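What follows is the residue order along each chain.
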Amino acid sequence: MQTVSVSTLEYEIDVAALLSRRLRRIQGGAEIDVRPASDGRQARVRLRSEAERDALCGALAVLLLQDAAHFELARIVNDMPVSLEEKQRVLPEAIKLAREAAAGQTGIEPALAEAMDAKRIQRLVRAHFDENDHLNLEGFLRFRMRDTLSAFEMYAVSAAEELMLQTEYLELIRVLSVLVRLQQPRIREISLILHADGSCTITDDTDARIECEGCGRAAGNELVNLLVALAPARIVVYDLSCGRCAELSQVLLQVFEDRVSFFR
């Protein structure tokens, strides 16, 4: 028999309620006696067997990797030298990356995979309770799970970098759209056929023909740049890609506006 306590000084959570919810998802965890303290920031847990001890450690591992991650990522993102609006866009993506990694849904490098491994965190929690009857969530995460905290920082940075790339991409689209409106048409009409295999074919009113291998982000950018350089008065898109080139279609609309029409 062991009675332990779990608490937080910083996280805005009801520790007992959240821990109970995590325990219900673990075999043998639903019967564990979890009682809240008066302020909700602490829970007392009575353990009657080794099986219950294992269940508690497993539930705490998930809580630390997924629930506490929200607060740590918010703290990390808040310290980034970006605007409030950008922080609000970065945080959800960082949380998404961390959740996917904790659930093993993403292919990540071995060091990060180990840092986000719930079984390893479960063993750390068990070792902690071998010597202590109290666990503070943020303290445990920051001092015993420093590699996990470093992984959280990497997910926040990755999310911020993706935001920057998106911002730069949108700015490029805006510039191209302005350029299209300013230039005089050089070709009356271009036909663009988007094929189901991701390739595309360009023909003009002189029957000149260009074959392109793909319509992904990189190849799509090259294709849009080519169309801007050709300066057609009208682009007719025959979309046979079954949705595969949806992003390219959206970019064409943004850049060429009323000069482009689609047939699907």
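Now for a quick tour of the structure. These numbers were taken from a predicted model, which means no experiment stands behind them.

Focus on the pattern of salt bridges
Side chains that carry opposite charge are capable of pairing whenever their charged atoms lie near each other. One pass over the structure, following the stated rule, counts 16 salt bridges. In this structure, Glu52 engages Arg48 in a salt bridge whose closest nitrogen and oxygen atoms are separated by 2.7 Å. Here Glu50 ties to Arg126 by a salt bridge, and the two come within 2.2 Å at their closest N and O atoms. Note that Glu50 is positioned in helix α2 (residues 50-78) and Arg126 in helix α5 (residues 118-131), a separation of 76 residues in sequence.

A look at the packing of helix α6 (residues 137-144) against helix α7 (residues 146-182)
The interhelical angle for the contact between α6 and α7, taken along N-to-C directions, is 90°, at an axis separation of 5 Å. Taken together, α6 and α7 sit at an angle that is classed as roughly perpendicular. From α6, Leu141, Arg142, Phe143 and Arg144 reach across to α7, where they touch Arg146, Leu149 and Phe152. The residue inventory of the contact of α6 with α7, partitioned by class, reads 4 nonpolar, no polar and 3 charged.

Describing the sheet that holds strand β1 (residues 2-7)
Taken together, 4 strands build an open sheet; the order of strands is β2-β3-β1-β4 and the sheet is mixed. Looking along the sheet, the strands with just one partner apiece sit at the ends: β2 (33-36) and β4 (134-136). Pairs of neighbouring strands in the sheet enclose a mean axial angle of 20°, with direction left out of account. Summarising the sheet, β1 and β4 pair through 3 bridges and their orientation is parallel. Bridging across to β4, Ser7 finds its partner in Asn136. Where α5 meets the sheet, its contacts fall on β1 and β4, and the angle it forms with β4 comes to roughly 135°. On top of the sheet, α6 reaches β1 and β4; it is set at about 75° to β4, its chief contact.

Quick notes on the sheet that holds strand β8 (residues 232-239)
Pairing in this open sheet of 5 strands is mixed, and the strands run β7-β6-β5-β8-β9 from one edge to the other. Edge positions in the open sheet fall to β7 (209-212) and β9 (260-263), since each of these has one partner strand only. Averaged over all pairs of adjacent strands, the angle between strand axes in this sheet comes to 20°, irrespective of strand direction. Note that strand β6 (residues 200-204) and β7 share 4 bridges and pair antiparallel. When the sheet's bridge partners are listed, Thr203 is paired in β7 with Arg209. Sitting on the sheet, helix α9 (residues 246-256) is in contact with β5 (187-194), β8 and β9, with an inclination near 150° to β9.

The rules behind these values
- Residues numbered from 1 in each chain as written.
- Predicted model: local features only at pLDDT ≥ 70, side-chain atom pairs only at ≥ 80, totals over all residues.
- Heavy atoms only, no water.
- Salt bridge = Lys/Arg side-chain N within 4 Å of Asp/Glu carboxyl O.
- Helix = DSSP H or I, 4+ residues; strand = E, 2+ residues; numbered from the N terminus.
- Axes fitted to C-alpha atoms, helices over the stretch in contact; angles between N-to-C directions.
- Parallel < 35°, antiparallel > 145°, perpendicular 65-115°, else oblique.
- Contact = heavy atoms within 4.5 Å.
- Nonpolar A, V, L, I, M, F, W, Y, C, P; charged D, E, K, R; others polar.
- Pairing = 2+ DSSP bridges.

In short, geometric facts, not functional conclusions.
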